[in-house]
Amino acid sequence: MPKPSLGNCNTRNKSVIRWVDDMAKLCKPEKVHWCDGSPAEKEALTREAVAAGVLIELNQKKRPGCYLHRSNPNDVARVEQCTYICTDSQEEAGPTNNWAPPKAMYQKLYGLLEGAMRGRTLYVVPYLMGPPGSPLAKVGLEITDSIYVALSMGIMTRMGNIAFEHLGESDDFNRGLHSMLDVNPDRRFICHFPHDNTIISVGSAYGGNVLLGKKCLALRIGSFLARNEGWFAEHMLILKVESPTGEVTYVAAAFPSACGKTNFAMLLPPPRYKGWKIQTIGDDIAWMKPGADGRLYAINPEAGYFGVVPGTNQATNPSAMTTISRDTIFTNVGLLPDGDVWWEGKDGPEPKECIDWRGKPWTPASPDKAAHPNSRFAVPMANNPVLAPEVNDPNGVPISAIIFGGRRATTMPLVFQAFNWVHGVYVGATVGSEMTAAAVGGAGQVRRDPMAMLPFCGYNMGDYFRHWLNMRKKIKHLPRIFHVNWFRKDENGNFLWPGFGENMRVLKWIVDRCHHRVGAEEGALGWMPVLEDFDLKGLKNFGPVEFNKVQAVNEEDWRKEALSHEELFMRLHATLPKEFIFTRELLITRL
Ligand code: GTP
Ligand code: SPV
Ligand code: MN
C-alpha cells in the first residue's frame, strides 16, 4: 500500500498537515480531498454524489439545488447508547453519560479504523463554528469518508479555507475523525475526548452522529470548554423580537430534540401582531459569554439548519417552507413521481403514490409513513427570509430572557417565570420531556432532560448545574428565566394550546416581563401571568376557561413531579449543588 498523498492540501499549518497525514496512514484511503468551500467544489461534489447514488436529484424546476438522501434504515437518528465521553475518571463524565477510559477507547477505535477507507476518498473538512472574527468562534477539522457528510458540513458550517484563515499557525482546533465503516449498529461509536479536543465517530452516517461540528463539538466538547473558560454552550435557539416601536429584545430558548426550537426561532406572528417582527439568529445551538457591559452575549455557531421535516407546512412554519424551497439536502423523506418531495404534515392532499424513505413504493393505504418521523432538511441559513443580520455579528447579541421547555402532555402549564436565577437554574435542571424520534429508542416516555442537554452535556451533570449557578457572579444583568410547554393535552388527547404562530402571545408576555411592563401573580411554580395581561384576543375557541385549564397546577401531578426531581437528584447526589435541595423544599412548601 503506497502512502496516501495529501491530495490538494490547502494549508501550511504543520499541526493540521501532520494530523491529516497520520489519520490517512491509519485509514488508508485511495484519495485525499481537501475541501476549500468554493461553489465550484460544491457543484463538483454534488455531481459526484449523484453519480454514486448517494444523492437523488430532485425536480430542479420545483426545487432548484435540492437533493434527496436515503440513509441506511438502521441509521436514522442519534444513538445515545453508543455515545461516549472518554475521560480518565468516570466521575468526570458523570452518571448521565456513557463513559470509557480514553486509552482503551482509542485502541478499539483505531483498530476499527485501520484500513477502513480503502478504495474510498478521505475528505478533509475544515470548518469555523461562529461568525468570522468572533472571540467565541472555534475551528474544527473533520476527516470523513462520506461525501454526504462533506456536503452537509458545507451547509451547516462556515466550511473551507475560511477556517484555515482563522486558525493561522495555531494547533488549537478540534480533531474530528469519522468513518462510516460498514454502517453496522454493532460497530457504531460516537466518542468524545474532551481533554484532547478530539472526536471519533464510526459506523453511522446520520446527522448528529456524524456532522461533528454540531452536537459533538458545539455541545459536548463545547460545554466542557465553556465550563473551563467561563461561558455557556447550550442546546438553544436564539431569536430577535422587534416591536412596532422598534424596541429589540433577544431571547434564547432550550427545548429538547424535536420539541419546537426551529419552529419557535422562525415564528411568524399572527395578523393581530401587526408591526411585530421575529427574526432568527439560531435554531439549535447558542454559545453565550458575559460581555464587558455585564450582559450575556450569544452567538449561533452554525451556518445552516438541520431541521425536522414532518409537520412543516405553510400554516406551522411558512418561513421554513421558503427556506427549504431551494439548496436543500432532504434526508429520508418521500419522493413524488414528479421529482418533488413528500412528508407527513406537508400542505395539500396526500399523494396517491410515492416512494417512501426506504425507497419502496408507498400509497395512502401503506401501514408505514412515507417520510421517517426524524427525516431532516439541511439548508443554509442564508435562505431564511427572516434571518436576523446580527447572526454574523462577531460580538453576538445580548440575551434578555432564557426560556426552558419540554414536551409534556400533563402537569406543566403553558408559561411561568422563575423567581430568580437560582430558581431558574433549578427549573431548567428539572425539565422533563417526552422522548422523540430524534434519538433511537423510548419515544413518548417522559424523562428528565436538564436544560435539554441530557444527551449533549460533555461532563458531569452536577458540575454543569454548579457552572450555571456560578455564572451568576459573572453576569451583572442576568437574563430572566421562564418555562413554557406548548404540548399540554386535554382528556381526549388534543393539544390545549394552538401553538406555532400563536406562541407569539406567550413571547409577548415574556418580553413585557423583561421590560417591566406587566405584573404577575406569585404561584407555587413561579410568577404566573395575570389573565388581564395575557393577550387572548382573536384566538378561536380559546378564552379564559381554556387559559385557566392550560395554566392549571394540579397538586397531585406536582407531588409526582417533585418526586421525580428527587430521583434525578439522587442519581447526581455526588455533585448536586446544595441550592437545589433547598429550592426543592421551597417548591414543596409552596405546593
Ligand atoms: P431538533 O432539531 O431535534 O433539536 O428539534 P427542534 O427543537 O428544532 O424541533 P422542531 O421545531 O423541528 O419541532 C419538532 C416537532 O414539534 C415538529 O413536528 C413540529 O411540528 C412540532 N411543534 C413545534 N412547535 C410546536 C407547537 O407550538 N405546538 C405543537 N403542537 N407542535 C409543535
Ligand atoms: C437533535 O437531535 O437535537 C438535532 C438533530 O438537532 S441531530 O443533529 O441529529 O442531533
Ligand atoms: Mn437539536
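Since we're looking at a predicted model, the values are computed, not measured. (Residues numbered from 1 in each chain as written. Chains lettered and ligands numbered in written order. Predicted model: local features only at pLDDT ≥ 70, side-chain atom pairs only at ≥ 80, totals over all residues. Heavy atoms only, no water.)

*Asks:* Outline the overall build of the protein chain, supporting the account with residue identities and numerical values.
*Replies:* When its secondary structure is counted, the protein chain shows 16 helices and 31 strands. The globule rule puts the C-alpha radius of gyration for 591 residues at 25 Å, and the 23 Å found for the protein chain is close to it. Considered along the principal axes of its C-alpha atoms, the protein chain spans approximately 75 × 55 × 45 Å. Residues counted as buried form 62% of the 591 residues belonging to the protein chain. Taking the intrachain contacts of the protein chain between residues at least 6 apart in sequence as the baseline, contacts between residues at least 24 apart amount to 72%. Carbon and sulfur atoms form 52% of the exposed surface of the protein chain, whose accessible area is close to 22,600 Å². Between the mean site of the 66 positive side-chain charges and the mean site of the 63 negative ones, the protein chain shows a separation of 1 Å. (Helix = DSSP H or I, 4+ residues; strand = E, 2+ residues; numbered from the N terminus. Rg over C-alpha atoms; globule rule 2.2 N^0.38 Å. Buried < 20%, exposed > 50% of the residue type's maximum accessible area, 1.4 Å probe, protein only. Contact = heavy atoms within 4.5 Å. Areas by Shrake-Rupley, 256 points an atom, 1.4 Å probe, with all protein chains shown as cover. Lys, Arg positive; Asp, Glu negative; His and termini not counted. Charge placed at Lys NZ, Arg CZ, Asp CG, Glu CD.)

*Asks:* How would you summarise the packing of helix α12 (residues 461-470) against helix α16 (residues 578-590) if you had to cite specific residues and measurements?
*Replies:* Put simply, α12 and α16 touch, their axes get as near as 10 Å, and they point 80° apart. Classified by the angle their axes make, α12 and α16 are roughly perpendicular. Here α12 contributes F465, R466 and L469 to the contact with α16, which in turn contributes K578, E579 and F580. Its residues placed into classes, the contact of α12 with α16 shows three nonpolar, no polar and three charged. (Axes fitted to C-alpha atoms, helices over the stretch in contact; angles between N-to-C directions. Parallel < 35°, antiparallel > 145°, perpendicular 65-115°, else oblique. Nonpolar A, V, L, I, M, F, W, Y, C, P; charged D, E, K, R; others polar.)

*Asks:* Tell me what's going on with the nonpolar core, and back it up with residues and numbers.
*Replies:* In a soluble, globular protein the nonpolar side chains are often hidden away together inside. By size, the foremost hydrophobic cluster in this structure holds 113 residues, and its most contacted members are M288, F330, I402 and W468. Leave out the neighbours within four places in its chain, and M288 touches W231, F232, E234, M236, A252, L296, Y297, A298, I399 and I402. (Core = buried A, V, L, I, M, F, W, Y, C linked by side-chain atoms within 4.5 Å.)

*Asks:* Quick rundown of the packing of helix α11 (residues 421-429) against α16? Include the residues and the values.
*Replies:* Running from N to C, α11 and α16 point in directions that differ by 85°, and their axes come no closer than 10 Å. The orientation of α11 relative to α16 falls into the category roughly perpendicular. When α11 is examined against α16, the residues V422, H423, V425, Y426 and A429 are found in contact with a partner set consisting of E579, F580, T583, R584, L587 and R590. Residue composition of the contact of α11 with α16, by class: six nonpolar, two polar and three charged.

*Asks:* Would you mind going over the site of ligand 1 in detail, with residue names and values included?
*Replies:* In the vicinity of ligand 1 there are 21 residues, among which A258, K261, T262, N263 and R376 approach most closely. At a separation of 2.7 Å, an oxygen atom of ligand 1 approaches a polar side-chain atom of K261. Within the contact set of ligand 1, an oxygen atom lies 2.9 Å away from a backbone nitrogen or oxygen of F500. The protein chains hide 91% of the 660 Å² of surface that ligand 1 would expose on its own. Of all the elements in the fold, those that place two or more residues in the shell around ligand 1 are α9 (261-265) and β18 (304-308). A per-class count over the shell around ligand 1 returns 10 nonpolar, seven polar and four charged. Both domains that furnish three or more residues to the shell around ligand 1 are identified here as domain 2 (234-302 + 388-553) and domain 3 (305-383). (Near = heavy atom within 4 Å. Polar contact = N/O pair within 3.5 Å; in protein donor to acceptor, adjacent residues only side chain to side chain. Domains from an automatic or database assignment.)

*Asks:* Account for the pattern of salt bridges, with residues named and values stated.
*Replies:* As a working rule, side chains carrying opposite charge can pair if their charged atoms are close by. Under the defined criterion, the tally for this structure stands at 33 salt bridges. Here E555 makes a salt bridge to R559, at a shortest N to O gap of 3.8 Å. Placement of the pair is E555 and R559 together in helix α15 (residues 555-571), with a separation of four residues, close to one helical turn. Three or more residues joined by partner-sharing salt bridges are found here, namely K214, K215, K261, D284 and E302. (Salt bridge = Lys/Arg side-chain N within 4 Å of Asp/Glu carboxyl O.)

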